[in-house]
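Next come the chains, spelled out residue by residue.
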Amino acid sequence: MDTLRSRYLKQKIAFAVVRVSATMVCLTLLLVVGFVFFHGWKAISWTFLTEMPLDSMTKGGIFPAIVGTFFLTFGAIAVALPIGVASAVYLNEYARGGRTVRIIRLGINNLAGVPSVVFGLFGLGFFVVFLKFGSSVLSGSLTLGFLILPVIIGTSEEALKSVPQTYREASLGLGATKWQTIYKVVLPAAFPGILTGSILGIGRAAGETAPIMFTAATFYTSRLPGSIFDEVMALPYHIYVLATAGTHIEKTRPLQYGTALVLICLVLGVSLTAILLRSRLRRRRN
Amino acid sequence: MYQGERAIRHPGFTGSFGCDSFHGAEHTMKKTMIQVPSFESANLVDRAANADAPALGDAWTGRGGYRRRTRESAIRLIFLLTALFSITALGLILFFLFREGVPVFKIVSLQDFLLGREWYPTDDPPALGIFPLIIGSIAVITVSCIGAVPLAVLTAIFIAEIAGPRMKEILKPVVELLASLPSVVIGFIGMVVVAPFLQRTFDIPTGLNLLNASLMLGIMTVPTICSISEDAMYAVPRELREASLALGATQWETIFRVVLPASLSGIATAVILGISRAIGETMVVLMVAGGAAIVPTSLLDPVRPMPASIAAEMGEAPFQSEHYHALFAIAIVLFLITFAFNLIADQISHKYKQVGSATL
């Protein structure tokens, strides 16, 4: 039997180890972000953000990549948001459990687990080749839309669940039909939560590289996309290409850091917004 | 109908049974509505001060009511069909992977494909054995788990059991932000920071190898494992902790002997989901694993995990060539592995769900 003192000593050691782990996780984030900031801020300038790449991408800006990421991301949201919210409405408002719901949930869970590169190949096989959309904003947006669908469904469901049951009962009690209740009472009340979900989805879609490699992204274009059937440059793919391909890898380092910084600011900014929004929502509910 | 009747017999019943009470309320309403005309109260409603309001009786029983009910069931059907979209998407993904991947088995048997030691897809004839790629994936994930699993679980313990509320408010977003870091940025850091460091430290020709990829992959999996494990610990009932503390156990003994065992299924689910994500993680292994399709013999050997192979070669593989089909076949293998892992995780979390406080 251990003495009380040795048991407390054990606790002290264990807590120290646990604290060190948590600190390491925080440090990892700080180091990654700090490092990119430290090396990237020198590259950032107004011209870097608003000009075309020059001299086989060793100079100039990343404007087309920013625009491309913007297009792809909003395309993805435009695909995933209506389907995702409608799925969540069915699961939370209409479904009463049973086999159909189990199968649907299994589908959503597994869709969430499909590797991003597999989404990329699927997009290549289905949108690019089979539907003949070619490598384009449309194909890329659809592929990314499929990818973020589970995120949107999950957060929308959480938002719908948080709408108090009494709202629905009051609306039904006034003689509204179920659809009227959903459309005029439940969805408006769940709107902030659904918005949070979309923002999370945007963050996810903006950072993905593998799904757009074969469906939308191109190494270099001298012009901005004119239609949804054009190829685009995108920030994540731009980093990948600059860092791994070509003969100027060392020469373009500052551009790589700069692009990484822009991408990190975009993704972390968007995610942080969603996190803060959500914690405010939760606090208000409690 | 049963729920509706029960709700009618107990008019004051407004229990918070989640969905049940909701549907109960709906049935109740329909019944009372339908009864309205028999009391001839439709006239009363018509004469009501607000002339704009639709007549209640008419809304449900008249021709308008029929239309209204048809519309309601049509809307319900539309929502059901949309909800089935996820299944459809999964089916489409499977169908197109098989459509483009299966033709490779005309020239190589399944066994040779999975166990063949040589991956020279551009040779003539091509050698299409993905064994080194599978081993590459397994090696990278095993090594990364050795570091990432304890780190993630310990961090989860800190967040769930030890940290104060303010600390929690900082740590949880940190973990979430770590999860949202784009993989291409992690890969980039691996290339420009970790690789030169490893190269200098171990005096090797290149820092892009198994160890580097494992470290970077660890950064990607820690947040997944951490946040799911933390949820699992959070779900352990307070009574269990109180009972343990009341018996004289220290806080650490309570965590280690009560909370951890009680949330073990959740932690197992977390680890499996983390591994499942790591298997499919592409950009990190594409950029820092080194890219040699060999079976590694040391931590400092370059490897070529499955997703890296797909991403690196798809751009160069001629359309509908054997190489192209082979890459789709690798994607099938990846898909099936992650599918299996997700099913296992699903099973574990359903089967060993912590219900109530008496099932330790």
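Residues numbered from 1 in each chain as written. Chains lettered and ligands numbered in written order. Predicted model: local features only at pLDDT ≥ 70, side-chain atom pairs only at ≥ 80, totals over all residues.

### Side note on the overall build of chain B
No. 1: For chain B, the helix and strand inventory stands at 17 helices and two strands.
No. 2: Residues classed as buried in chain B amount to 42% of the 360 residues present.
No. 3: Counting contacts in chain B only where the partners sit at least 6 residues apart, residues at least 24 apart contribute 67% of the total. (Helix = DSSP H or I, 4+ residues; strand = E, 2+ residues; numbered from the N terminus. Buried ≥ 20, exposed ≤ 12 C-beta atoms within 10 Å, placed from the backbone. Contact = placed C-beta atoms within 7 Å.)

### Points about the overall build of chain A
No. 1: Along chain A, the regular secondary structure elements total eleven helices and two strands.
No. 2: By its C-alpha atoms, chain A is 70 × 65 × 35 Å across when sized along the principal axes.
No. 3: Evaluated residue by residue, chain A yields a buried proportion of 50% over its 286 residues.
No. 4: Residue pairs at least 24 apart in sequence account for 76% of intrachain contacts in chain A once pairs closer than 6 positions are excluded.

### A look at the interface of chain B and chain A
By a widely used convention, the size of an interface equals the accessible area lost when the partners come together.
No. 1: Each side of the interface is counted separately: chain B has 75 residues, and chain A has 75 residues.
No. 2: For the side of chain B that touches chain A, the element with the most residues is helix H6 (residues 85-101) of chain B, which contributes eleven residues.

### Structural notes on helix H14 (residues 264-280) of chain B
No. 1: Helix length check: H14 of chain B, at 17 residues, gives a terminal C-alpha distance of 25 Å against a target of 24 Å (1.5 Å per residue), a fit within 8%.
No. 2: Of all 17 residues making up H14 of chain B, 14 are buried, and the element is well covered by its neighbours. (Expected span 1.5 Å × (residues − 1).)

### Quick look at helix H10 (residues 235-244) of chain A
No. 1: In terms of burial, H10 of chain A is largely enclosed, as nine of its ten residues are buried.
No. 2: Restricting attention to buried positions, one finds in H10 of chain A the residues Leu235, Pro236, Tyr237, His238, Ile239, Tyr240, Val241, Leu242 and Ala243 of chain A.
No. 3: At its buried positions, H10 of chain A is contacted by helix H3 (63-94), helix H8 (178-207), helix H9 (210-213) and helix H11 (253-285) of chain A together with helix H10 (183-202) and helix H15 (283-288) of chain B.

### Quick word on the confidence of the model for chain B
It should be kept in mind that the predicted coordinates are not to be read in detail where pLDDT is low.
Residues and elements named next belong to chain B.
No. 1: Across chain B, pLDDT averages 82, with 80% of residues at or above 70.
No. 2: Element-level pLDDT for chain B is lowest in helix H1 (residues 2-9), with a mean of 35, against a maximum mean of 95 in helix H8 (residues 131-162).
No. 3: A low-confidence stretch, residues 1-55 stays under pLDDT 50, and its non-local contacts, those more than four residues away or across chains, total 53 contacts.
No. 4: Predicted as a complex, the structure gets a pTM of 0.84 and an ipTM equal to 0.90. (pLDDT = per-residue confidence, 0-100.)

### A word on unusual backbone geometry
No. 1: Even without being glycine, lysine 132 of chain A reaches a positive phi, approximately 60°.
No. 2: You will see that aspartate 203 of chain B, though not glycine, has its phi angle at about 55°, which is positive.
No. 3: Of note, aspartate 203 of chain B is situated in the loop between H10 and helix H11 (210-234).
No. 4: Overall, aspartate 203 of chain B belongs to the exposed group, with 7 C-beta atoms counted inside 10 Å.

### What about the packing of helix H5 (residues 116-130) of chain A against helix H6 (residues 137-161) of chain A?
Residues and elements named next belong to chain A.
No. 1: For the pair H5 and H6, the least separation of the axes is 9 Å and the interaxial angle reads 135°. If you check the angle between H5 and H6, you find them oblique. The two elements H5 and H6 meet at a crossing, and its hand is right-handed. The segment H5 lies against H6, with Ser116, Phe119, Gly120, Gly123, Phe127 and Val128 engaging Ser139, Leu142, Thr143, Phe146 and Leu147. (Axes fitted to C-alpha atoms, helices over the stretch in contact; angles between N-to-C directions. Parallel < 35°, antiparallel > 145°, perpendicular 65-115°, else oblique. Left-handed = near helix turned anticlockwise from the far one by under 90°.)

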